[in-house]
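Each chain, written out:
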Amino acid sequence: MSNKMWGGRFAAGPDAIMEEINASIGYDKRFFRQDIAGSIAHANMLAKTGIISKADRDAIVAGLTELREELEQNRFKFSRALEDIHMNIESALRDRIGEAAARLHTARSRNDQVATDFRLYVRDSVDHLMEQITQLQTALLQRAENEHDTIMPGFTHLQSAQPVTLGHHLLAYVEMLSRDYHRFKDARKRINVCPLGAAALAGTGFPIDRDMTARELGFDRPASNSLDAVSDRDFVLETMGAASICAMHLSRLAEELVIWSTPQFGFATLSDGFSTGSSIMPQKRNPDAAELIRAKIGRIFGAQVAMTMVMKGLPLTYSKDMQEDKEGAFDALDSLSLSLAAMTGMMQDLSFNRAAMRAAAGSGFSTATDLADWLVRTLKMPFRNAHHVTGEIVALAERQGVALNELSLEQLQSVEPGITEDVFNVLSVENSVASRTSFGGTAPENVRAQIARWRNLLES
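Report on the accompanying structure. Not measured: the values here are computed from a predicted model. (Residues numbered from 1 in each chain as written. Predicted model: local features only at pLDDT ≥ 70, side-chain atom pairs only at ≥ 80, totals over all residues. Heavy atoms only, no water.)

## Regarding the environment of Glu-175
As for its position among the elements, Glu-175 is in helix 8 (residues 166–191). Residues Glu-175 and Gly-302, spaced 127 residues apart in sequence, show a C-alpha to C-alpha distance of 25 Å. (Helix = DSSP H or I, 4+ residues; strand = E, 2+ residues; numbered from the N terminus.)

Take a look at the structure:
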């Protein structure tokens, strides 16, 4: 199966193995919208600069528009012999409009063409991911508002540490996702540079207008160096880096949902829509959606590492190695998009067990720090001394098998005679949470203020 697009240089066609390793149409066909948009912009520029006639431009644009419709309706037949999406479209256009199609490739190369298509595709993906991040933040914000004063244990080392509010806990993920959003937004600035017109690597002698094609495709400017324009894949690596961090945040939240939904914790219940059963144990309710989100970070980060390895030893400019830059990126972006959608759905449908959270918040002597702080404030005790005294009181409560607020005043005074009845005002989890009013703290009034701030930010 010879490739007629190569022209006269090669007489024989590739054998089956070469065709198998060389063809990329199986995955780069998803570039068709971007490829057609780039070709239309290029044709318009060629006509405006007088490089091709307006009649040829009109025929090219009409033919490409028809092809785009066929592709969108899945009526287009792809050929592996034509290797990639660029040659498939160009060949189909030539069959449709004749010689005018052969003029389209004037002053460009597949090198700047694929670089342009890839930038357009990644830019579109980033825009979509940013929208999905905002949707998840909105879902988390709604749940945080409903649970702004719901008391739960805060953890360090997955051990009960201090009581917090569930609303405060959920807002932590809103903060994480905000950083993810801004990483993508910042990466988009560097994505939005147009390689078209760099040609194979050295630019072109035709009097092209690169600013025109950049504007028509929504880029901020044309790439300044033709060598860098065709060989740069930093924009993909940076995007996958942001995707890896975002997926890691989703994995942390997914892990908490897995833990919280166990009978041992009983903090939350996933809806039927995001749970599965067991083939043998009828009582099981498995958090499969959360577990799969937890696993996606491996594929996403793996794709970033794989692409870094592809690029690390390449001399300027284009090498065929760079054909391996797409499949992993496509999979990473698809995986993150699916994970964001699934997490948004889970957060909207999730139900919380407030009683179980409240009971757990009081376990493990979680108000011990409040007791130490009281000793510092009221008895003017140095904190390290207060820490030691509190440790003795915790040991006493542990021996008695009671919570700190269940010890009698006499028992407390047996450790520190200066303790008064007033200490019991800080030993309940409700008072502990309410007292954490420092900026960024867990007090319900703080949570309400942060919710209002985030609503304004997300709506704007």
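## Describing helix 14 (residues 354–361)
For helix 14, the full list of buried residues reads Ala-356, Met-357, Ala-360 and Ala-361. Projected down its long axis, helix 14 carries its buried residues within an arc of 135°, all on one side. In this structure, helix 14 carries Ala-355 and Ala-359 as exposed residues pointing more than 90 degrees from its buried face. Contacts made by the buried residues of helix 14 are with strand 1 (151–156), strand 2 (159–165), helix 8, helix 11 (234–260), strand 6 (351–352) and helix 18 (429–435). (Buried < 20%, exposed > 50% of the residue type's maximum accessible area, 1.4 Å probe, protein only. Arc of directions from axis to C-beta. Contact = heavy atoms within 4.5 Å.)

## Remarks on the packing of aromatic side chains
Under the counting rule described, the total for this entry stands at 11 aromatic pairs. Ring centres 5.6 Å apart and planes at 65° place the aromatic pair Phe-31 and Tyr-121 in the edge-to-face group. With Phe-31 in the loop between helix 2 (25–28) and helix 3 (32–48) and Tyr-121 in helix 7 (residues 110–146), this residue pair connects regions lying 90 residues apart in the sequence. The structure contains a cluster of three or more aromatic residues connected by ring pairs, namely Phe-31, Phe-118, Tyr-121, Phe-235 and Phe-330. Sitting above the plane of the Phe-219 ring, Arg-123 keeps its charged end 5.0 Å from the centroid. (Phe/Tyr/Trp six-rings, centres within 6.5 Å; stacked < 30°, edge-to-face > 60°. Lys NZ or Arg CZ within 6 Å of the ring centre and 35° of its normal.)

## Here's the deal with the pairing of strand 1
For strand 1 and strand 2, the ladder comprises six bridges, and the chain directions are antiparallel. Pairing of Pro-153 across the sheet is with Pro-163, part of strand 2. Hairpin geometry of strand 1 and strand 2 is characterised by an intervening segment of two residues between the two adjacent antiparallel strands and by a positive phi of about 60° at His-157. (Pairing = 2+ DSSP bridges.)

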